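Below, each chain spelled out in residue letters.
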Amino acid sequence: MDSIKVRGGHPLKGEVIISGAKNSALKLMVATLLTDEKLTLTRMPDLADTRFLSGLLNHLGATVERDAASMTLHTARLASAEAPYDLVRKMRASFNVLGPLLARNGQARVSLPGGCAIGARPVDLHLKALEALGAKIELSDGYVEAKAEKGLIGAQIDFPFVSVGATEHAMLAAVLAKGDTVLENAAREPEIQDLADCLNAMGAKVSGAGSSTILIEGVDRLRGAEHAVVPDRIETGTYALAVATAGGEVLLRDAVWKHNTALWDRMSAAGAALKAEKDGVRVIASGDRLAATDMETRPYPGFPTDEQAQFMAAMCVADGRSVIRETIFENRFMHAPELMRMGAKIDLRGNEAIVTGVESLRGAPVMATDLRASVSLVIAGLVAAGETTIGRVYHLDRGFEHLEAKLAGCGADIERIKE
């Protein structure tokens, strides 16, 4: 397995081009199952997760072609309506093929998902949404077997709590349902709006995306389309925190200011300077230590859980004590012990991490435990004295495109070690 070596002490200067959002790209790829025409996605990130999902879509009958900047998917016909365990187990987003297969084919058999180490994250809300649309669902031997032989039917779906995955899954299924579907307490993330924009370009009738109520008027068929993936707000936040922690000034090209306002608020409180510009967002470190700042994760537009680990890394060298509260996922502080190996002072108390900033971290061999945890260790390595070696970076490759090259282009001393 590859590792990444970082030698700290180098401020970051220059610009980083923000890639298309992983969390959006995967759901957009699945939309190919809803039409027999070509779907072209531009600003498409090249990630382990997008490559893995391409393999599953190939199995289901899609052809997938990509170049450096785009991906074209074409599912002229379904070759299979079964997504086997070996092709679903590595990544939760694979489970979202269930709704489109059901909507187009009237039946589907999909393995229950795996691929995530940050808590149980059950799919109950996904299945209840599909049942509300008229699907008959049975669980058997680790598979979901779903049928809607006369097609899905529009319904009122009230989510008991906000779920991005369940909202997206319901949207993907309901666009081909007969009649209207209303999603209440829907997730409001920019990726939801991006999915709606793509589906509408394909001929769907989705309105209200970005609010807590989404209306979907079912249509008989969808057509092909071209759509640009929204810039990745999590990547944006990650590089912003890297600059604020390591020092320097960087333009995050193509970043969308309004997608990260909760982070900008916390970073400003900590002493970093942020500017919305025509080409993106500029981050300017103060030159002094960050000020310790409390933070609590919340559904969008609150602070993203996917930026919690990176924020913790920044607070490890801040002046003072901060309290970081994780309200979205259990078991999402696995990066804390690895940061502590580098000299961080972190006291874990249930869903709270109390971080007492230190003047400096020291390089050490550390291990990535999940996608966002892995990049928090890179941020810590950028400011640590000496050399930090991060193992298991296949986690990082799932969600960050050309990370080492982007950081090295801004002056970081970072390299990948091939094993």
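**Quick notes on the pairing of strand β5 (residues 70-74)**
Then, number 1: Burial of β5 is extensive: four of the five residues sit out of reach of the surface.
Then, number 2: Pairing analysis gives four bridges linking strand β4 (residues 63-66) to β5, with the strands arranged antiparallel. Its bridge partner being in β5, Glu 65 is matched across the sheet by Thr 72.
Then, number 3: Taking the residues between adjacent antiparallel strands as the criterion, β4 and β5 are bridged by three residues.

**Section: the sheet that holds strand β15 (residues 248-253)**
Then, number 1: Pairing is mixed across the open sheet formed by four strands, whose spatial order is β2-β15-β17-β16. A single partner strand is all that each edge strand has here, and the edge strands are β2 (12-17) and β16 (273-277). Going from strand to strand, the sheet's axes swing by 15° on average, the running direction of each strand aside.

**Notes on the pattern of salt bridges**
If charged atoms from side chains of opposite charge come close, those side chains can pair.
Then, number 1: Applying the stated criterion across every chain yields a total of 30 salt bridges.
Then, number 2: We note a salt bridge from Glu 277 to Arg 282, for which the minimum N-O separation is 2.7 Å.
Then, number 3: Classification of Glu 277 as partly exposed rests on a relative accessible area of 31%.
Then, number 4: The shortest N-O distance in the salt bridge between Arg 372 and Asp 306 comes to 3.7 Å. Note that Arg 372 is positioned in helix α12 (residues 371-383) and Asp 306 in the loop between β18 (295-296) and α10 (308-315), a separation of 66 residues in sequence. Per residue, the accessibility class of Arg 372 equals that of Asp 306, and both read buried.
Then, number 5: Through salt bridges that share partners, Asp 2, Asp 397, Glu 404, Arg 416 and Lys 418 make up one connected network.

**Brief notes about the sheet that holds strand β24 (residues 413-417)**
Then, number 1: In spatial order, the strands read β22-β23-β1-β24; together these four strands make up an open sheet with mixed pairing. If you trace the sheet from one side to the other, it starts and ends with β22 (365-367) and β24, each paired once. Across the sheet, the axes of successive neighbouring strands diverge by a mean angle of 20°, strand direction being ignored.
Then, number 2: Examined bridge by bridge, strand β1 (residues 3-7) and β24 share five bridges and lie antiparallel to one another. By the bridge assignment for β24, Ser 3 is matched with Ile 417.

Thresholds, definitions, all that
Residues numbered from 1 in each chain as written. Predicted model: local features only at pLDDT ≥ 70, side-chain atom pairs only at ≥ 80, totals over all residues. Heavy atoms only, no water. Buried < 20%, exposed > 50% of the residue type's maximum accessible area, 1.4 Å probe, protein only. Helix = DSSP H or I, 4+ residues; strand = E, 2+ residues; numbered from the N terminus. Pairing = 2+ DSSP bridges. Axes fitted to C-alpha atoms, helices over the stretch in contact; angles between N-to-C directions. Salt bridge = Lys/Arg side-chain N within 4 Å of Asp/Glu carboxyl O.

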